[in-house]
Amino acid sequence: MSEARLKAPRGTFDVLGADAAARARLESVARRLLEQAGYSRIETPCFEASELFERTVGEATDIVQKEMYTFRDGSGRSLTLRPEGTAPVCRAYVEHGMHKRPQPVKLWYLSSFFRYERSQKGRYRQFFQVGAEALGSDDPALDAESITLLWRLVRQVGGRDVRLRLSSLGSPTARRAYREQLKEHLRAHEEQLSEEVRSRIELNPLRAFDSEHEGTRSAMRGAPVLLDHISEQDVEHFEEVKGLLDAAGVPYEVDPTLVRGLDYYTRTVFELTSEALGAQSGVGGGGRYDGLVQQLGGQATPGVGWAAGVERILLAADMSAPSEPPLDAYICLQLDRAAEGVRDGAAAELRRRAFTLLQRARSAGIAVDMEMAGRSLKGQRAQAARRGASLIVTVSEQATTLRDVECGEEQCLDDGELLHELVRRSSRRGTE
RNA sequence: GUGGGCGUAGCUCAGCUGGUAGAGCUCCUGGUUGUGGUCCAGGCGGUCGUGGGUUCGAGUCCCAUCGCUCACCCCA
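Overview of the overall build of chain A
Link 1 in the chain: Within chain A, the regular secondary structure consists of 14 helices and 16 strands.
Link 2 in the chain: Relative to the globule expectation of 22 Å for 432 residues, the C-alpha radius of gyration of chain A, 29 Å, shows a markedly less compact shape.
Link 3 in the chain: Burial status across chain A gives 47% buried among its 432 residues.
Link 4 in the chain: Across chain A, every contact between residues at least 6 apart in sequence was considered, and the portion connecting residues at least 24 apart equals 69%.
Link 5 in the chain: Total accessible area computed for chain A in this model is approximately 22200 Å², and 48% of it derives from carbon and sulfur atoms.
Link 6 in the chain: Of note, chain A has its 59 positive side-chain charges centred 4 Å away from the centre of its 65 negative side-chain charges.

Comments concerning the protein's contact with RNA strand B
Link 1 in the chain: The environment of RNA strand B is made up of 44 residues, and the closest members are Arg-207, Ser-376, Arg-381, Val-405 and Glu-410.
Link 2 in the chain: Put simply, 52% of the atoms of RNA strand B that lie within 4 Å of the protein are in sugar or phosphate.
Link 3 in the chain: Contact distances for RNA strand B include 2.7 Å between a sugar or linking oxygen and a side-chain N or O atom of Gln-129.
Link 4 in the chain: The contact in question runs from a base oxygen of RNA strand B to an N or O atom on the side chain of Lys-378, over 2.6 Å.

Re the pattern of salt bridges
Link 1 in the chain: Applying the stated criterion across every chain yields a total of 31 salt bridges.
Link 2 in the chain: A salt bridge links Glu-43 to Arg-41; its shortest N-O distance comes to 2.9 Å.
Link 3 in the chain: Given the relative accessible area of 43%, Glu-43 is considered partly exposed.
Link 4 in the chain: Judged by its relative accessible area of 32%, Arg-41 falls in the partly exposed class.
Link 5 in the chain: Its salt-bridge partner being Asp-255, residue Arg-165 comes within 2.6 Å of it at the nearest N-O pair.

Focus: the pairing of strand β5 (residues 105-114)
Link 1 in the chain: Here β5 lies mainly inside the structure; 10 of its 10 residues are buried.
Link 2 in the chain: Burial along β5 is two-sided: the residues Val-105, Leu-107, Tyr-109, Ser-111 and Phe-113 and Lys-106, Trp-108, Leu-110, Ser-112 and Phe-114 are all buried.
Link 3 in the chain: Sheet topology note: the strand β1 (residues 40-41)/β5 ladder contains two bridges and is parallel. Across the sheet, the residue bridging to Ser-40 is Leu-107, located in β5.
Link 4 in the chain: Strand direction decides the pairing type here: β5 and strand β6 (residues 126-135), joined by 10 bridges, are antiparallel. From the neighbouring strand, Phe-113 faces β6, where its bridge partner is Phe-127.

Considering helix α4 (residues 86-95)
Link 1 in the chain: Counting buried positions along α4 yields seven of 10 residues, so the element is predominantly enclosed.
Link 2 in the chain: Thr-86, Ala-87, Pro-88, Val-89, Cys-90, Ala-92 and Tyr-93 are the residues of α4 that are buried.
Link 3 in the chain: A positive phi of about 55° marks Gly-97, the residue just after α4.

Examining the sheet that holds strand β3 (residues 69-72)
Link 1 in the chain: The three strands are arranged β2-β4-β3 in an open sheet whose pairing can be described as antiparallel. Whereas interior strands pair on both sides, the edge strands pair on one side only; in this sheet they are β2 (47-49) and β3. When the angles between neighbouring strand axes are averaged without regard to direction, this sheet yields 35°.
Link 2 in the chain: Sheet topology note: the β2/strand β4 (residues 78-81) ladder contains three bridges and is antiparallel.

Points about the packing of helix α2 (residues 50-57) against α4
Link 1 in the chain: Running from N to C, α2 and α4 cross one another at 110°; their axes reach a closest spacing of 10 Å. Taken together, the axis directions place α2 and α4 in an arrangement best described as roughly perpendicular. At the point where α2 passes α4, the crossing takes the right-handed sense. Of the residues in α4, those touching α2 at Leu-52, Phe-53 and Thr-56 are Ala-87, Pro-88 and Arg-91.

Definitions and cut-offs
- Residues numbered from 1 in each chain as written.
- Chains lettered and ligands numbered in written order.
- Predicted model: local features only at pLDDT ≥ 70, side-chain atom pairs only at ≥ 80, totals over all residues.
- Heavy atoms only, no water.
- Helix = DSSP H or I, 4+ residues; strand = E, 2+ residues; numbered from the N terminus.
- Rg over C-alpha atoms; globule rule 2.2 N^0.38 Å.
- Buried < 20%, exposed > 50% of the residue type's maximum accessible area, 1.4 Å probe, protein only.
- Contact = heavy atoms within 4.5 Å.
- Areas by Shrake-Rupley, 256 points an atom, 1.4 Å probe, with all protein chains shown as cover.
- Lys, Arg positive; Asp, Glu negative; His and termini not counted.
- Charge placed at Lys NZ, Arg CZ, Asp CG, Glu CD.
- Near = heavy atom within 4 Å.
- Polar contact = N/O pair within 3.5 Å; in protein donor to acceptor, adjacent residues only side chain to side chain.
- Salt bridge = Lys/Arg side-chain N within 4 Å of Asp/Glu carboxyl O.
- Pairing = 2+ DSSP bridges.
- Axes fitted to C-alpha atoms, helices over the stretch in contact; angles between N-to-C directions.
- Parallel < 35°, antiparallel > 145°, perpendicular 65-115°, else oblique.
- Left-handed = near helix turned anticlockwise from the far one by under 90°.

Such coordinate-based values are descriptive only and should not be taken to indicate function.
What follows is the structure in structure tokens.
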């Protein structure tokens with residue numbers, strides 16, 4: 001018998017109505033902001049060789065461990081729906097020899113990503129990210145520019161209660177050494193730690209810094225801090241970035257405990273959060289990834305970039321979506337004997353006339369629609385009103401009339417005159 | 001994977017201690033209104049998430065299951 005009705009899979013959603021309009025606005029703000037700064041659009045495939053993510057994101061991360069949508073195609077290749085955007089962009093940089101272009105190469109995207117997770121507010125299995133990547137230079141100005149763009153994007157769409165946190169991870173070696181040091185410190189104070197933190201010493205020692213637990217907090221006061229263990233050049237780089245952000249008037253907080261979820265980050269890392277979001281407070285984040293391109297088989301190429309969740313920006317921004325744009329005109333069909341169906345010759349003839357008019361009016365640049373749902377004349381007028389049309393054309397067997405709703409004028413015209421009148425009246429309105 | 005809350009019309013919801021399903025909005029039709037969003041009347045629309053159980057009788061009680069949602073974990 002009847003199956004259960006099909007629904008969008010868990011963690012996915014349809015975009016429509018006001019939500020679609022808000023997204024379109026966000027996209028146009030992002031495009032203007034990023035293209036003005038020299039970023040050009042890139043779209044990479046929805047899926048990539050699984051290896052791309054396994055190698056770059058980090059074997060031990062949750063993403064690779066349990067969140068990837070991985071499948072085999074007809075030839076047995078292992079493919080994965082992209083869980084993030086930086087590795088694919090770097091792959092494209094290498095694949096298209098972009099190191100031969102003038103550096104830095106700046107690219108931006110707005111695409112969907114996939115992670116198999118339990119969904120909740122601001123977290124979905126298919127989600128959208130807007131992101132920007134700048135490759136080919138380790139100039140701290142590029143870091144500062146990247147961060148500033150994320151900051152300005154979120155502010156421009158009306159992001160509320162946003163905070164920017166900033167830190168530096170140094171080199172991967174410094175980071176690894178630090179991690180061991182921290183684990184040692186935690187093990188030395190194990191009896192003070194909360195059970196949860198204790199069970200995560202190996203997996204995620206950095207998390208101990210976020211704990212609210214009394215004993216853990218006191219144990220962490222004496223803990224080593226990564227920022228104190230990075231190289232002199234990295235400190236200098238970080239100082240430059242901070243100075244440039246100060247100069248640009250971008251407010252930030254240095255947070256030495258800031259961690260990012262992906263393995264490839266080096267030096268600068270940052271995260272933008274909003275209190276308006278619920279549990280998933282991260283709106284966007286990113287950092288520098290100086291070893292990534294080389295890891296993918298390219299020349300040693302530094303890079304810096306970020307990604308921000310579209311759904312999260314929208315939650316933080318509370319964008320009042322513009323309503324559907326109104327129509328200039330609506331074409332109604334008036335049949336003498338309404339009882340006769342659409343197969344009736346007269347009705348078909350009427351429809352042909354109206355349809356021709358519709359197409360000619362659209363070619364002339366007028367936003368116009370016509371009745372295509374079999375409504376009564378009253379229903380058609382109501383529909384015209386709903387669509388915001390200020391001009392109503394009524395096509396009947398005897399005549400074609402144009403009524404200007406705003407001034408109440410009504411005139412009987414032939415089709416050529418009608419077109420002129422439509423253009424005249426709708427353009428006059430447009431320029432007012 | 002774990003825990004809390006919730007599943008009745010397209011949407012928002014009502015339905016008391018079990019008695020055989022309702023309202024508002026939307027949509028359509030007719031009337032009315034200066035041929036337009038008003039007002040009036042009518043209509044379309046639901047195997048009450050699904051499957052069992054208790055009962056003469058279940059939207060209501062019990063069990064299971066699925067879905068949605070929020071949170072943990074983690075992250076955008």
